[in-house]
Protein chains: 2
Amino acid sequence: MSSPIQKNFVEKNAEYASKFTQGHLALPPAKKYLVLTCMDARIDPAAAFGIDLGDAHVIRNAGASAKDAQRSIIISEQLLGTKEIILVKHTGCGMLTFSNEDAHGLVKKNLGPGAATAIATLDFLPFSDLEAAVRRDVQFLKTTATVPDDVTVSGWVYEVETGKVRQVE
Amino acid sequence: MSSPIQKNFVEKNAEYASKFTQGHLALPPAKKYLVLTCMDARIDPAAAFGIDLGDAHVIRNAGASAKDAQRSIIISEQLLGTKEIILVKHTGCGMLTFSNEDAHGLVKKNLGPGAATAIATLDFLPFSDLEAAVRRDVQFLKTTATVPDDVTVSGWVYEVETGKVRQVE
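Basis of the calculations
Residues numbered from 1 in each chain as written. Chains lettered and ligands numbered in written order. Predicted model: local features only at pLDDT ≥ 70, side-chain atom pairs only at ≥ 80, totals over all residues. Heavy atoms only, no water. Contact = heavy atoms within 4.5 Å. Buried area = accessible area lost by both parts, 1.4 Å probe. Salt bridge = Lys/Arg side-chain N within 4 Å of Asp/Glu carboxyl O. Polar contact = N/O pair within 3.5 Å; in protein donor to acceptor, adjacent residues only side chain to side chain. Helix = DSSP H or I, 4+ residues; strand = E, 2+ residues; numbered from the N terminus. Nonpolar A, V, L, I, M, F, W, Y, C, P; charged D, E, K, R; others polar. 1 Å grid on protein atoms, 1.4 Å probe; cavity = no way out; pocket = protein on both sides within 12 Å on 5 of 7 lines; lining within 4 Å. Points joined across faces, edges and corners; volume = space filled by probe spheres on them. Buried < 20%, exposed > 50% of the residue type's maximum accessible area, 1.4 Å probe, protein only. Phe/Tyr/Trp six-rings, centres within 6.5 Å; stacked < 30°, edge-to-face > 60°. Pairing = 2+ DSSP bridges.

K.L.:
Summarise the interface of chain A and chain B; cite the residues concerned and give the values.
P.N.:
Each partner contributes residues to the interface: chain A has 82 residues there, and chain B has 82 residues. On the chain A side of the interface with chain B, the three residues burying the most area are F9, M39 and R71 of chain A, jointly 12% of the side's total. At the boundary of chain A and chain B, one finds two salt bridges. The closest approach of N and O atoms between R71 of chain A and D68 of chain B, which form a salt bridge, is 3.2 Å. On the surface where chain A and chain B come into contact, there are 31 residue pairs in polar contact (both at pLDDT 80 or more). At nine residues, the largest contribution of residues to the side of chain A that touches chain B is made by helix α1 (residues 4-18) of chain A. Of the residues contributing to the side of chain A that touches chain B, the split by class is 45 nonpolar, 24 polar and 13 charged.

K.L.:
Kindly report on the layout of surface pockets, identifying the contributing residues and their values.
P.N.:
Considered as a void within the structure, the largest pocket measures approximately 480 Å³ in volume. Considering the residues around the largest pocket, the lining is formed by 16 residues, among which K67 and D68 of chain A together with K67, D68 and L122 of chain B are closest to the centre. When its volume is computed, the second largest pocket comes out at roughly 300 Å³. Lining the second largest pocket are 28 residues, with D44 and A46 of chain A together with D44, P45 and A46 of chain B sitting closest to its centre.

K.L.:
Provide a residue-level description of unusual backbone geometry, including the pertinent values.
P.N.:
Even without a glycine there, the phi angle at K32 of chain A is positive, about 55 degrees. Examined against the element boundaries, K32 of chain A turns out to sit in the loop between α1 and β1 (33-38). With a relative accessible area of 47%, K32 of chain A lands in the partly exposed category. Even without being a glycine, A64 of chain B presents a positive backbone phi close to 55 degrees.

K.L.:
Would you mind going over the packing of aromatic side chains in detail, with residue names and values included?
P.N.:
Across all of its chains, the model carries eight aromatic pairs over all chains by this definition. Aromatic pair F49 of chain A and Y158 of chain A: ring centres 5.7 Å apart, planes at 80 degrees, arrangement edge-to-face. Taken as a pair, F49 of chain A in the loop between α2 (45-48) and β2 (56-61) and Y158 of chain A in strand β4 (residues 152-158) lie far apart in primary sequence, 109 residues in all. The pair formed by F49 of chain A and Y158 of chain A is uniform in burial state, with each residue classed as buried. Ring geometry for W156 of chain A versus F9 of chain B: centroids 4.7 Å apart, planes at 75 degrees, classification edge-to-face. Taken together, the residues W156 of chain A in strand β4 and F9 of chain B in helix α1 (residues 4-18) connect one chain to another.

K.L.:
Help me get a handle on the pairing of strand β1 (residues 33-38) of chain B, residues and values and all.
P.N.:
A regular strand carries its side chains on alternate faces of the sheet. All names here are of chain B. Most of β1 is tucked away, with six of its six residues classed as buried. Sheet topology note: the β1/strand β2 (residues 56-61) ladder contains six bridges and is parallel. Within the sheet, the bridge partner assigned to L36 lies in β2 and is I59.

Now the structure itself:
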């Protein structure tokens, strides 16, 4: 039995596929860059950041964490030729609203001690200052041994209130 | 000095922002679901999967790995109310084309022994059978202690050649 979410997914995809003309695109991103941004529901990277289909990898996680994206970034630059990283965090991010203690407490309360123990060492990577978090992640990407020096890195904030980006680093 | 990629990003964003009318959207996803898919450049989740702005979290990493997305998934369901997960891997995925040994070998060759040592224990999470990988990740999400039983999980394949999705699990 399909859920309403699944039915919508299948119906909307059928519309998309009926007009689809880009089955010829190659695996490596044509413009050799990646965008790392947040999973936030208010961000549509292709539309807001002008990414044409086939041009760039898009990595998304809670808070646009560079550390959490390390595996994907290495694959993007070592196996698929990425030469530039655009890191975009955003105003009103959920990661500004809780602490590691809050998150671990919620897991214990809602999911029980088994779940709490299973993720006892997990860092949820929240942050309290948006622009400082952008700068810290850019610094991480520029200094980590797994991102070579010839990869260009920049850091940005996307404003969910206005749809605008601004450069931080 | 801006790179051509950065210039394009700023110019396309200015066009987007000039027509932006959705600054009122709330932080939690309105339709309480998340889509977990690959970072692949040939996937535009909003367009291909019918996700309206504000409706769903979108998590993307190399291969649409559920294990790699664990932190983001917990935040989505424990802090932001997500009740359903749509997992979408795709044909022609880069993760089908290499082994952990290949990736570690490339890092050592291109980035040196320091980088190789820094990620010696990293699992790149490649897979050799697409549908089996979808089933394994759905099973992981359905059985892990950190995803409660009332969260609906389904697994799909997106065909980059046709733009179509099909359900696997």
